[in-house]
Amino acid sequence: MLTKNDKLDCSLKLLQQLAEMCESSDYSDVTLIVGQTKIPAHKCILAARSPYFRAILYTIGDVPTTIERNFDGMMALNSSTVELYVSIEAFKLVLKFIYTGRLALSEIQYSNVLDLLKLAHDFGIDDLESGISAYLLDNLTLDNCCAALNAACLYNLTDLEEAALLYMDRHSTEVLKSTNFNTLAPKSLASVLKRDTFCAPEMDIFKAVLEWRKHEHSDGEFQAIIPMVRFKLIDLEELLTIVKETSTLDSERLLEIVREKTINHDMNYRFNLEPNENVASAKNFNAKTIRSGINPLEILDGNVTTYDGSTGYTYHHITDTVNNCIIVELKSIYLINHIKILLWDRDARSYSYCVDVSVDLKSWNRVYDGSAFFCRSWQNLHFKSCPVRYIKLVGTHNTANTDFHVVELEAFYTENEPSLVNGLISPTVNVATIEKGAKVIDGLVNSGDTVDVVLNGAFKNYTGGSGYTYHTIGQGSIIIQLAQPYHIGSCRLLLWDQDDRTYGYYVETSVDKKDWKMAVDKQNDRLKSWQELTFEPRPVVFFKIVGTHNSSNAGFHVVHFETPSSLALLN
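These lines cover the structure that appears in this document, whether it is placed above or below. (Residues numbered from 1 in each chain as written. Predicted model: local features only at pLDDT ≥ 70, side-chain atom pairs only at ≥ 80, totals over all residues. Heavy atoms only, no water.)

**Considering the side chain of E129**
Link 1 in the chain: Here E129 shows up in helix α6 (residues 126-138).
Link 2 in the chain: Despite its burial, E129 pairs with no opposite charge; the closest candidate is K118, at 11 Å N-O.
Link 3 in the chain: A distance of 2.9 Å separates polar atoms of two side chains, one belonging to E129 and the other to H121.
Link 4 in the chain: Once residues within four sequence positions are removed from consideration, E129 is found in contact with L117, A120, H121, Y155 and L157. (Helix = DSSP H or I, 4+ residues; strand = E, 2+ residues; numbered from the N terminus. Buried < 20%, exposed > 50% of the residue type's maximum accessible area, 1.4 Å probe, protein only. Lys, Arg positive; Asp, Glu negative; His and termini not counted. Salt bridge = Lys/Arg side-chain N within 4 Å of Asp/Glu carboxyl O. Polar contact = N/O pair within 3.5 Å; in protein donor to acceptor, adjacent residues only side chain to side chain. Contact = heavy atoms within 4.5 Å.)

Given below as structure tokens:
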């Protein structure tokens, strides 16, 4: 038929005619023998669709007495007869695909799909092999994930292998209990046990490997697998009783493991991995607060909006006693590298605090030390990825009273890690915004403006009476507090410029609003409009902008402030 643009398209009819030739003796020039079944076929179609058929049908020659093996499961008896030692059901499906390019995989038994995958691989039919791999990837279950992994490892199907491993990570406990675990090939089992993210009690893993050994796996295969069990993660009592009684480890190796456990050296923990998921959620991940002063449930309830002076937060009293802290227990061990904390921020108070993490409540790793910094509102903390079961918050200072108040805690693993300098974020976007928790804590505004007008990002619609923050020269300053310490080396500000006036000023920085360090000194300059400022990078929480000159009046007026400078980031 003719299409609208006068191009012939008879492809559907062609496919129908080719399908009719499948297993038809019409024009057949080769016989395929599978078991007791003889199937007529067509050399040119087989050769066009399969490099293996192409090789065996067109490179052997027409010598009737020649018998040559092309690969396991196929023999060419002569130029017109090929014997195949394969499943007849699976082969007929392959033949159908060769002739039509179509198969309804969902209508085929799973065992036949795996046989089909083997034939697709052996015959070199790449589109069928990749299609089956994608189908298996989308239909992984507890019943078939082990078989899928075996097939993926055997045929080097990397996408399917990773998907099967990821599925088994997420269902590790159930996989260990499944009888299908015993069908894993040694290579497949090794790929499972090597993963840090296959997270289950190590004793359960050990027992599952012992059971796996009983199912037609040789002593050599077992001896190759057993070193992948992380014996240091097994409880000491179980090591010296259950593991010892199995004689799996000799006495010297067992004592070595005990010594390593004692000094807690390189424990190589297994962990769960939930990218970009808040694993400190009581609702979704069953996290809980196991130590706190007051209101232990509030910190994990997900409510970050409705809190006030008496409700909506968890807190502890700030003292020198190590027991005064907030400890959150995650459901299991997770790999995390990002913690978010919402400090109570209904007024201008600041907090100092530290964050420690642990897997056993015994050995603690400090991932953030903010004891020297004044912080407020949302805290975004990034650190080197590590396995975590417990998160400990220790408040060390509150500028308003002697309590440490936390509205919410969240914990994540993220691949989008920011650049860190000495543990502090070196930001690539403006962090002096209201949305990011920045606040003007000293400065004046005219009626109708809020004190944070200099941080609202609006620097086009300002007049003589609105749209800026100011202070009187010789009295006070403009002080901007960021939510947390950042490693910063630039800022940008817009001086009010609706006439020809000029200004002089200087900028200082601090982390605690006590000790100030000069960043930029423009006291002797006569400047106007946009100011692009760079200085030696350092930890910064506070910016103090002090006007020293105005050629028009006694006010020092700033329309917009940002850090780091958007222009500096472009250079």
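**Overview of the layout of surface pockets**
Link 1 in the chain: Quantified by volume, the largest pocket comes out at close to 780 Å³.
Link 2 in the chain: Surrounding the largest pocket, 25 residues form its lining, L233, K261, Y269, V359 and D360 being those nearest its centre.
Link 3 in the chain: Split by residue class, the lining of the largest pocket holds twelve nonpolar, four polar and nine charged. (1 Å grid on protein atoms, 1.4 Å probe; cavity = no way out; pocket = protein on both sides within 12 Å on 5 of 7 lines; lining within 4 Å. Points joined across faces, edges and corners; volume = space filled by probe spheres on them. Nonpolar A, V, L, I, M, F, W, Y, C, P; charged D, E, K, R; others polar.)

**Focus: the pairing of strand β2 (residues 37-41)**
Link 1 in the chain: Sheet topology note: the strand β1 (residues 30-34)/β2 ladder contains five bridges and is antiparallel. Following the sheet pairing, V30 is matched in β2 by A41. (Pairing = 2+ DSSP bridges.)

**Quick notes on the packing of helix α13 (residues 236-246) against helix α14 (residues 251-263)**
Link 1 in the chain: Interaxial distance between α13 and α14 falls to 11 Å at its minimum, and their mutual angle equals 170°. Accordingly, the angle class assigned to the pair α13 and α14 is roughly antiparallel. When you trace α13 past α14, the crossing you get is right-handed. When α13 is examined against α14, the residues L236, L239, L240 and K244 are found in contact with a partner set consisting of L254, I257, V258 and K261. (Axes fitted to C-alpha atoms, helices over the stretch in contact; angles between N-to-C directions. Parallel < 35°, antiparallel > 145°, perpendicular 65-115°, else oblique. Left-handed = near helix turned anticlockwise from the far one by under 90°.)

**What to know about empty space enclosed by the protein**
With a probe scaled to a water molecule rolled over the atoms, the places where space remains empty come into view.
Link 1 in the chain: Taken as a whole and assessed by the stated rule, the structure comprises one cavity of 30 Å³ or more.
Link 2 in the chain: Taken together, Y368, N380, L381, H382, G423, L424, I425, Q484 and P485 form the lining of the largest cavity.
Link 3 in the chain: Take the lining of the largest cavity: its biggest share by element is three residues, from strand β11 (residues 378-398).
Link 4 in the chain: Taken together, the residues of the lining of the largest cavity break down into five nonpolar, four polar and no charged.

**A closer look at the packing of aromatic side chains**
Link 1 in the chain: Taken as a whole and assessed by the stated rule, the structure comprises 16 aromatic pairs.
Link 2 in the chain: Ring centres 5.7 Å apart and planes at 85° place the aromatic pair Y351 and F404 in the edge-to-face group. With Y351 in strand β9 (residues 351-358) and F404 in strand β12 (residues 403-412), this pair connects stretches of sequence that are 53 residues apart. By the burial criterion, Y351 is buried, and F404 matches it.
Link 3 in the chain: Consider the rings of Y505 and F556, whose centres lie 5.9 Å apart with planes at 40°: the pair is tilted. With Y505 in strand β18 (residues 503-510) and F556 in strand β21 (residues 555-562), this residue pair connects regions lying 51 residues apart in the sequence.
Link 4 in the chain: Of the residues examined, Y505 reaches a relative accessible area of 0% and is grouped as buried.
Link 5 in the chain: F556 gets classed as buried once you look at its relative accessible area, which sits at 0%.
Link 6 in the chain: Members of the aromatic cluster, joined through ring pairs, are Y351, Y353, Y368 and F404.
Link 7 in the chain: Over the ring of W516 we find K544; its NZ or CZ atom is 4.4 Å from the centre of that ring. (Phe/Tyr/Trp six-rings, centres within 6.5 Å; stacked < 30°, edge-to-face > 60°. Lys NZ or Arg CZ within 6 Å of the ring centre and 35° of its normal.)

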